[in-house]
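A structural walkthrough
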Amino acid sequence: MTTLALDPAEASFQRAQTRSAELDTEIARSPERFRVLTGDRPTGPLHLGHLFGTLANRVRLQDAGVEVLVLVADYQVIADRDDLGDLPGAVTGLLLDQLAAGLDPDRTTFFRHSAVPALNQLMLPFLSLVTVAELQRNPTVKAEAEAAGARPLSGLLLTYPVHQAADILFCGGNLVPVGRDQLPHLELTRTIARRFNQRYGQLFPEPEALLSQAPLLLGTDGTKMSKSRGNTLALRDDEDRTAALIRGATTDAERTISYQPDRRPEVSNLVLLGALCRGESPESFADSIGGRGAAALKAAVTEAVNEHLRPLRRRRAELTADPGAVREVLALGNARANELAEATLDRVRVAMQMS
Ligand code: TRP
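Bear in mind that the values here come from a model prediction, so they are computed numbers and not experimental data. (Residues numbered from 1 in each chain as written. Predicted model: local features only at pLDDT ≥ 70, side-chain atom pairs only at ≥ 80, totals over all residues. Heavy atoms only, no water.)

Before going further, it helps to spend a moment on the site of the ligand. By nearness alone, every residue bordering the ligand is listed as L37, G39, D40, R41, L71, A73, Q76, Q164 and D167. In the model, a nitrogen atom of the ligand is placed 3.2 Å from a nitrogen or oxygen of the Q76 side chain. Here Q164 contributes a side-chain N or O atom positioned 3.1 Å from a nitrogen atom of the ligand. For the ligand, whose accessible area on its own is 360 Å², the fraction buried by protein is 84%. Elements that contribute at least two residues to the shell around the ligand include exactly β1 (35–40) and α8 (155–169). A per-element tally of the shell around the ligand places β1 first, with three residues. (Near = heavy atom within 4 Å. Polar contact = N/O pair within 3.5 Å; in protein donor to acceptor, adjacent residues only side chain to side chain. Areas by Shrake-Rupley, 256 points an atom, 1.4 Å probe, with all protein chains shown as cover. Helix = DSSP H or I, 4+ residues; strand = E, 2+ residues; numbered from the N terminus.)

It is the contact of helix α11 (residues 265–278) with helix α13 (residues 293–320), at a shortest axis distance of 8 Å, that shows an interaxial angle of 35 degrees. Taken as a pair, α11 and α13 cross one another with a handedness that is left-handed. Across the interface between the two elements, V267, L270, V271, L273, G274, C277 and R278 of α11 pack against L297, K298, V301, A304, V305 and H308 of α13. Looking at the contact of α11 with α13 residue by residue, the class counts come to nine nonpolar, two polar and two charged. (Axes fitted to C-alpha atoms, helices over the stretch in contact; angles between N-to-C directions. Left-handed = near helix turned anticlockwise from the far one by under 90°. Contact = heavy atoms within 4.5 Å. Nonpolar A, V, L, I, M, F, W, Y, C, P; charged D, E, K, R; others polar.)

Turning our eyes to something else, we now look at helix α12 (residues 282–289). Those residues of α12 that sit buried are P282, F285, A286 and I289. For α12, the angular spread of the buried residues around the axis is 100 degrees, confining them to a single face. Tucked into the core, α12 has its buried residues touching α11 and α13. The first or second residue beyond α12 is G290, which carries a positive phi of 55 degrees. (Buried < 20%, exposed > 50% of the residue type's maximum accessible area, 1.4 Å probe, protein only. Arc of directions from axis to C-beta.)

Enumeration over the complete set of coordinates arrives at 28 salt bridges. The shortest N-O distance in the salt bridge between E280 and R278 comes to 2.6 Å. For E280, a relative accessible area of 25% puts it in the partly exposed group. Note on R278: relative accessible area 53%, which makes it exposed. (Salt bridge = Lys/Arg side-chain N within 4 Å of Asp/Glu carboxyl O.)

In structure tokens, the structure reads:
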């Protein structure tokens, strides 16, 4: 037998994968044992990458009977930018995208950082439990600092994994759906919980990562789908815009359509997108186009995407017509999050002899 020396990041990814599969079984058996905390920064429209990567997973957990809390991470917007943009519009848009995707406010709690003071206060004791060196070593923080280019690292960007620990621990969240890049953050949350418990007495559970099973979708240019690259297909786009964006997608010169992600990333990405929307395998979707070339592929993908999104877009339009309803969803969620956060902060104060 050969022993492979894995680098630590790869080893922790593999452990998380194994554990996630076990967790899926436990969720199906006893959903009531889990509380999921997850969230997004309100910085722009959600796109198809979000739909297949995270939204579908949130809906699946909700429908399985797990309690789900969804954070609108508004304080995180200013971690790496000076301009809040149209924050009210972004918050409403983010909620509309999620409600339209099937998250049900009767079962899922939506709340925002800025409305829950006790959550933010947890960051103070938590900051004392980590070192600056630990934060500087965090691979995601490093990558984000590099992506920010010449922009100096803000104190909030350096410490946002600690803020994220407060986001998760304030409600006793024990399950966090994450992509691979967020694993180091969750590890830090676990460290903070453990150190707090050692120093002040058992109070926080150590949350576990639930890795998304969804395959990675690329943008229309074959690189990572991201708002800043302008290569995304937004859920809220209309059918004509979706068609235009797919028509402009990068392909290659080979006529026969196949699914070979390593050799033909751009074409394979379109194939994957069409297949996900149609609920079939990429291979069979590619075969259905065969030798008819890229134009036929794009036409089929456009039809698949627009058809898949039609009910979501219809629901979104209905919800948009009733702005009071979205405000109400957030007000109720904020109230519930405040109850949980105040109860946790009270226990923290007692544990720390500050009450
Ligand atoms: N960092 C996440 C993002 O950029 C948002 C987020 C904030 C989050 N706090 C969280 C995600 C806690 C999971 C758990 O999208």
